[in-house]
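Spelled out, the chains give:
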Amino acid sequence: MVKAVTTADEFNSIIKSSPLVIVDFHATWCGPCKMIAPKYEEFSNKYSKATFIKVDVDEVPEVAEQVGVTSMPTFLIYSNGERVGEIVGANPTKLETEIRKFAEQQ
């Protein structure tokens, strides 16, 4: 299940408290974001060791700014609070490869 994050505090709390976090930075007007959303949801069900969250860059711009996201979609992977991966663009194969790599280490 994918959780929508609505504040910077919530984002920071999840990153610090979960061993593996996959973050989808998206926007409602972004076509590629809409295209990959069902796959992201599918991955959230498949990789249960990870916490999947999404951040709407228009609703929570301070989080996108904090982590330096400038393109949508951008997926960031955090392991034990540290940023360990980044996938820019709607590439489900590359995204799943990165998720699997870190999920297997958990």
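In case you missed it, the structure is sitting above this.
My aim in this report is to walk through the structure given alongside it, one point at a time. Given the structure is predicted, the values throughout are model-derived calculations rather than measurements. (Residues numbered from 1 in each chain as written. Predicted model: local features only at pLDDT ≥ 70, side-chain atom pairs only at ≥ 80, totals over all residues. Heavy atoms only, no water.)

### With respect to the sheet that holds strand β1 (residues 2-5)
- Pairing in this open sheet of five strands is mixed, and the strands run β1-β3-β2-β4-β5 from one edge to the other. For this open sheet the edge positions go to β1 and β5 (82-88), each flanked by a neighbour on one side alone. The sheet shows a mean angle of 25° between the axes of neighbouring strands, direction not considered.
- Here β1 pairs with strand β3 (residues 51-56) via four bridges, running parallel. (Pairing = 2+ DSSP bridges. Helix = DSSP H or I, 4+ residues; strand = E, 2+ residues; numbered from the N terminus. Axes fitted to C-alpha atoms, helices over the stretch in contact; angles between N-to-C directions.)

### Regarding the pattern of salt bridges
- Tallied over the entire structure, the rule returns six salt bridges.
- The salt bridge partner of E86 is R83, with a shortest N-O separation of 2.9 Å.
- In this structure E86 comes out as partly exposed when scored by relative accessible area, which is 42%.
- Beyond isolated ion pairs, a larger network of salt bridges with shared partners links K46, E96 and R100. (Salt bridge = Lys/Arg side-chain N within 4 Å of Asp/Glu carboxyl O. Buried < 20%, exposed > 50% of the residue type's maximum accessible area, 1.4 Å probe, protein only.)

### A closer look at the pairing of strand β4 (residues 74-79)
- In terms of burial, β4 is largely enclosed, as six of its six residues are buried.
- Residues T74, L76 and Y78 line one face of β4 and the alternating positions F75, I77 and S79 line the opposite face, and both faces are buried.
- The pairing of strand β2 (residues 20-26) with β4 spans six bridges and is classified as antiparallel. Considered in β4, the bridge of V23 is made with L76.
- As consecutive antiparallel partners, β4 and β5 are separated by two residues, and within that stretch N80 has a phi angle of approximately 50°, a positive value.

### Regarding the state of the cysteines
- Applying the stated criterion across every chain, the model contains one disulfide.
- The partner cysteine of C30 in its disulfide is C33, sulfur to sulfur 2.3 Å. Here the disulfide of C30 and C33 is right-handed, its torsion about the S-S bond being about 80°. Pair check on accessibility: C30 and C33 agree, each one buried. (Disulfide = S-S within 2.5 Å.)

### What to know about the packing of aromatic side chains
- The full count for this structure, using the stated rule, is four aromatic pairs.
- Taken together, a centroid distance of 5.3 Å and an interplanar angle of 70° make the contact between Y40 and F52 edge-to-face. Within this pair, whereas Y40 is found in helix α2 (residues 31-46), its partner F52 is found in strand β3, the two being separated by 12 residues in sequence.
- Since its relative accessible area comes to 2%, F52 is described here as buried.
- Here the aromatic residues F11, F25 and Y78 are joined through ring pairs into a cluster of three or more. (Phe/Tyr/Trp six-rings, centres within 6.5 Å; stacked < 30°, edge-to-face > 60°.)

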